[in-house]
Structures are given as structure tokens and as C-alpha cells.
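Coordinates in review
Each chain, letter by letter, is given below.
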Amino acid sequence: MRDDFPKKIKELLANRVGCKCSNPSCRKSTRGAAVEKTDFINIGVASHITAASEDGPRYDENMTAEERKSFENGIWLCQSCSKLIDSDVKRYTIDTLKTWKDISERMAVLDLEETVVSKRDGDKELIKFFVQCFDRPAFQDEIHQEGSMEDFDKAIEDTIIALNTGVLRTRDGSIIKESEGKSAVENLEWREKLDTICDMLVALRKRLKLAKETGAYSTYGEGTIMYIFYDKELEMWFDSTREEILKILSVICEDIGVEGLRFRRKRYRW
Ligand SMILES: [Zn+2]
């Protein structure tokens, strides 16, 4: 038996996120005018955070049928993202989906407010904001010094969201609409570079997840945790990829005349 959402809940889920896909890296519009004047097109889906039926993704047997079809258990997504979240339940966890929903609801409100103070930042301001997003240890320190791979992963995820949407998630979990996403950058060359950076960030997250699953590293130390990678090549890849990202960013910085960022290498390998 499937615990499907009632129509009212589906509408609420869609409306609370401004009918946009709740994946912060997607934010595709899901509704628009149909040819028929009385109709509209809907490509949005009210997806279940924990599955509607027993064999579905992220199913939670401890939930009641009522809870399963409640507003709390739903998230509004475009069709491709609704398939995406069910294709990899380890990556798209209940926590991740709840974070998406929370960010999207708050962004929908920010979108409403934005029309009041609608001001389009120039490319330079956008780039400055993006540089600020990379000015954190997750992008500047060698990977073996990372205190927590979970925080490291979250920092990268936040940066992808910031690049795509201009929304910054702070340490205390609040979100600030600081800017536009990279698609608003008018200089084509810079935009392409930012797209490349984004692809590299996604690759970092993928390999980090794989590294964890395959036990490519272990930790030592108390208080300040350090990481040992058994796979030295992988360890070097994490460092060189982030170094490369900052180099690409620095080329843009040079173009607009602001200071770029540098990867801090403490150890030298010969
Ligand atoms: Zn989507």
C-alpha cells in the first residue's frame, strides 16, 4: 500500500517553495502556462522523503501512514531531481533532503522580498562574493589536516549551493541571499570557468564519498583529528584539485583586479 500525499499537501509543498525544484543546485521552475487558457503545465513532483511504500527508498517502518503522507515527509522537486534522489539513497539522505527543503522554503521567501530591492550586481560584485565563499580552510589546507571529513564535505556542498544560487549557509545554519548564482555572470569566459570549478567541486564530493566507503583513510589523534590516507595518490588529488580550483579563480580575480586565494602547502613532497 502506498501512502500518497493528498492534493492539498502537494499544493502546499509546491507553494511553499514558489513552485521551484527544492534541490538548491537545480531550482528549476516547475509550473507555467499551458496553451489552453484555463490550464497550466506542471513538471513538479511531490516526492516522499521517506518512501510511501515498504520497498521504496529511505522507507521508515516506524512511521505511521498518516506521518508518511504528511507535509513534513514531502519535498517538491522537478522530475529529474525526484528520480535523482531515489537513485542514490546513500547520497540523498533524509537529512540532506530536509536541508534542501528548509533552504528552498527560505529562498522562496527571499525571492519574494528581492523584487522589492531588486538590484543587479555587476559581474565584479558577483565574483567578489564567490571568492569570499572559497576563503575557508576547506579550500586552503591540505586534506590530512582536516578536522572532520563530514564538515569538509558540508563546506564543499555549501560552496556548490552558493555558486549556483548566491545563497550562503552560515555555520549556525541560517541562510543569507548574498548574491546571484553564477548563471547571472555576464562575462562568458568567467562563467565557463565557474562552471568548471563547480564540476570540480562535485567531483571532490564524489571521490570523498568513495574514499569513505572504501576505507581509503583512517584517523588518528584525539581532540585534533588528523587523517592518514592509504591511497597517497588520492590524497594528492584532493590537494591538487583544490589548488587548481583556486588557480582558476585567481585568473578571474586578476582580470577584475582583486586579490585571489592561494592553497597553503605546508609539506613539500619530493
Ligand atoms: Zn530539480
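Below: a short report on this structure. Throughout this document, residue positions are counted from 1 along each chain, in the order its sequence is written. Predicted model: local features are reported for residues with pLDDT of at least 70 only, side-chain atom pairs are reported and counted for 80 or more only, and whole-chain, interface and lining totals are derived from all residues. No hydrogens and no water enter the side-chain calculation; it runs on all heavy atoms of the structure.

**Quick word on the overall build of the protein chain**
This is how it is decided: Elements are defined by DSSP. Helices are runs of H or I of four residues or more, strands are runs of E of two residues or more, and each kind is numbered from the N terminus. The cut-offs for exposure are 20% and 50% of the maximum accessible area for each residue type, with area from a 1.4 Å probe on protein chains only; residues under the lower value are buried, those over the upper are exposed, and the others partly exposed. Only the protein chains shown count as cover for residues, and the accessible areas themselves come from Shrake-Rupley with a 1.4 Å probe. Residues counted as positive are Lys and Arg, residues counted as negative are Asp and Glu, and His and the chain ends are not counted. Working definition for charges: the position is that of NZ of Lys, CZ of Arg, CG of Asp or CD of Glu.
On a plain count of helices and strands, the protein chain comes out with nine helices and eight strands. In terms of its C-alpha atoms, the protein chain occupies a principal-axis envelope of roughly 65 × 45 × 30 Å. Counting every position in the protein chain, which comprises 270 residues, the buried fraction comes to 43%. Entry remark: accessible area of the protein chain is about 15,100 Å², with carbon and sulfur atoms responsible for 51%. Separation between the mean location of the 45 positive side-chain charges and that of the 51 negative ones in the protein chain comes to 1 Å.

**Quick word on the coordination of the zinc ion**
Where a metal carries four tetrahedral donors, each ideal angle is 109.5 degrees; where it carries six octahedral donors, the ideal angles are 90 or 180 degrees. Formally: Coordination here is defined by N, O and S atoms within 2.8 Å of the metal (3.2 Å for Na, K and Ca), and since water is not considered, a site can look incomplete. By the criteria applied here, four donors are tetrahedral when all angles lie between 85 and 135 degrees, four are square planar and six octahedral when opposite donors are over 155 degrees apart and every other angle lies between 65 and 115, and any other arrangement is irregular.
The coordination sphere of the zinc ion contains the protein donors C21 (SG), C26 (SG), C78 (SG) and C81 (SG), at a distance range of 2.3 to 2.4 Å. Considering all four donor atoms around the zinc ion, the spread of angles at the metal, 105 to 115 degrees, places the coordination shape in the tetrahedral class. The exposure class of C26 is partly exposed, given its relative accessible area of 28%.

**Considerations on the packing of aromatic side chains**
Worth spelling out the cut-off: Stacked, tilted and edge-to-face are the three classes applied to pairs of Phe, Tyr and Trp rings, where Trp contributes its six-membered ring and a pair requires centres within 6.5 Å; stacked means planes under 30 degrees apart, edge-to-face means over 60, and tilted covers the rest. To sit over a ring, a charge needs its Lys NZ or Arg CZ within 6 Å of the ring centre and within 35 degrees of the ring normal.
In this structure the tally under the stated criterion is seven aromatic pairs. Between F129 and F130, the aromatic rings sit 5.6 Å apart at their centres with planes inclined by 55 degrees, giving tilted as the arrangement. Summarising the burial analysis for this pair, F129 and F130 share the class buried. A ring pair is formed by F134 and F139, whose centres lie 4.7 Å apart and whose planes are at 55 degrees; its orientation type is tilted. Since its relative accessible area comes to 0%, F134 is described here as buried. Among the aromatic residues, ring-to-ring pairing joins Y217, Y227, F229, W237 and F238 into one connected group. Between the NZ or CZ atom of K101 and the centre of the ring of F71, over which it lies, the distance is 4.0 Å. When the ring centre of W237 is taken as origin, the NZ or CZ atom of R207, which lies over that ring, is 4.4 Å away.

**Observations regarding the nonpolar core**
In summary, soluble globular proteins display a tendency toward joint burial of nonpolar side chains. Our working definition: We call a set of buried Ala, Val, Leu, Ile, Met, Phe, Trp, Tyr and Cys residues a nonpolar core when their side-chain atoms join them within 4.5 Å. Two residues qualify as a contact provided that any one of their heavy atoms is within 4.5 Å of a heavy atom in the partner residue.
The biggest cluster of nonpolar side chains holds 44 residues, and the ones touching the most others in it are F134, M149, L163, L194, I197, L201 and F229. Secondary structure elements with two or more residues in this core: α5 (123–134), α6 (137–140), α7 (149–165), α8 (188–213), β8 (226–229) and α9 (232–256). Discounting chain neighbours no more than four positions away, the residues touching F134 are F139, Q140, T159, L163, I197, L201, I245, L246, L249 and L261. Core analysis: the second largest hydrophobic core is formed by ten residues, I75, L77, C78 and I85 among them.

**Comments concerning a nonpolar patch on the surface**
The cut-off we apply is this: The residues that make up patches have over 30% relative accessible area and no salt bridge, and they are joined within 9 Å when like-charged or within 5 Å when they are Val, Leu, Ile, Met, Phe, Trp or Tyr. What makes a salt bridge here is a side-chain nitrogen of Lys or Arg within 4 Å of a carboxyl oxygen of Asp or Glu, nothing more.
A grouping of Y220, I228 and Y230 is seen on the molecular surface, where their side chains present a nonpolar patch of about 320 Å² in accessible area. Relative to the helices and strands, Y230 is located in the loop between β8 and α9. Judged by its relative accessible area of 54%, Y230 falls in the exposed class.

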